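Observations on the three-dimensional arrangement
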Amino acid sequence: PPIESGGGLVQAGGSLRLSCEASAPTYSNYAMGWFRQAPGKEREFVASISWRLGSTYYADSVKGRFSISVDLVKNTMYLQMNSLKNEDTAVYYCATVYAYYSGSPTSSPKNGDHWGQGTQVIVSS
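A brief structural summary. (Residues numbered from 1 in each chain as written. Predicted model: local features only at pLDDT ≥ 70, side-chain atom pairs only at ≥ 80, totals over all residues. Heavy atoms only, no water.)

1. Section: the overall build of the chain
When helices and strands are tallied, the chain shows zero helices and 11 strands. In summary, the chain has a C-alpha radius of gyration of 14 Å against a globular reference of 14 Å for 125 residues, a match within 12%. Principal-axis analysis of the C-alpha atoms places the extent of the chain at approximately 45 × 25 × 25 Å. Going through the 125 residues of the chain one by one, you find that 46% of them count as buried. Look at the contacts in the chain between residues 6 or more apart in sequence, and 58% of them connect residues 24 or more apart. Carbon and sulfur atoms provide 49% of the accessible area of the chain, an area that totals close to 6,600 Å². Within the chain, the 9 negative side-chain charges are centred at a point lying 5 Å from the centre of the 10 positive side-chain charges. (Helix = DSSP H or I, 4+ residues; strand = E, 2+ residues; numbered from the N terminus. Rg over C-alpha atoms; globule rule 2.2 N^0.38 Å. Buried < 20%, exposed > 50% of the residue type's maximum accessible area, 1.4 Å probe, protein only. Contact = heavy atoms within 4.5 Å. Areas by Shrake-Rupley, 256 points an atom, 1.4 Å probe, with all protein chains shown as cover. Lys, Arg positive; Asp, Glu negative; His and termini not counted. Charge placed at Lys NZ, Arg CZ, Asp CG, Glu CD.)

Structural data, given as structure tokens:
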């Protein structure tokens, strides 16, 4: 699985940038996304991006605050998180996701439920 990093402790209203080191894509409609799991809750989708098109998709809860991007040279995906809230506290994971025929990314992970260790984000009041 890809390797996540960049988590930490931040005050509400602050920012963090997460990184996800991935393998080089092996097919044209390659897409990846970020997911998170808060204590006692199920894992949920956060954002995804098409490697080829750069098109993005966000969960409503983070739209306007989070920004997903990719460095094609480094095969690294990023999640810039601004205006963090207490409810953003979670372990964040990255994974490949399914893409539509058009190449637009979806919110469905393509990792067969095999997840990495994730990176912990804690937002304090």
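2. Quick word on the packing of aromatic side chains
For any pair of aromatic rings, geometry is given as the distance between the ring centres together with the angle between the planes. Taken as a whole and judged by the stated rule, the model has five aromatic pairs. Ring plane angle 35° and centroid distance 5.2 Å describe the contact between Phe45 and Tyr57, whose orientation is recorded as tilted. Here Tyr57 lies in strand E6 (residues 56-58) and Phe45 lies in strand E5 (residues 44-50), a separation of 12 residues in the sequence. Members of the aromatic cluster, joined through ring pairs, are Phe35, Phe45, Tyr57, Tyr93 and Trp115. Above the face of the Tyr93 ring, Arg43 is positioned so that its terminal group lies 4.5 Å from the ring centre. Against the face of Trp115 rests Arg43, its NZ or CZ located 4.0 Å from the ring centre. (Phe/Tyr/Trp six-rings, centres within 6.5 Å; stacked < 30°, edge-to-face > 60°. Lys NZ or Arg CZ within 6 Å of the ring centre and 35° of its normal.)

3. Some details on the state of the cysteines
Scanning the entire structure with this criterion turns up one disulfide. One disulfide bridge connects Cys20 with Cys94, the sulfur atoms lying 2.1 Å from each other. A torsion of 75° about the S-S bond marks the disulfide between Cys20 and Cys94 as right-handed. Of this pair, Cys20 sits in strand E3 (residues 16-21) while Cys94 sits in strand E9 (residues 90-99), and the two are 74 residues apart along the sequence. (Disulfide = S-S within 2.5 Å.)

4. A closer look at unusual backbone geometry
The backbone of Ser83 sits at a positive phi, close to 50°, despite the residue not being glycine. Examined against the element boundaries, Ser83 turns out to sit in the loop between strand E8 (76-81) and E9.

5. Thoughts on the pairing of strand E7 (residues 66-71)
Looking along a regular strand, one sees the side chains alternate between the two faces of the sheet. With six bridges connecting them, E7 and E8 associate as antiparallel partners. Residue pairing across strands places Ser69 opposite Tyr78, the latter belonging to E8. Counted along the chain from E7 to the antiparallel partner E8, the turn is four residues long, and its residue Asn75 has a positive phi close to 50°. (Pairing = 2+ DSSP bridges.)

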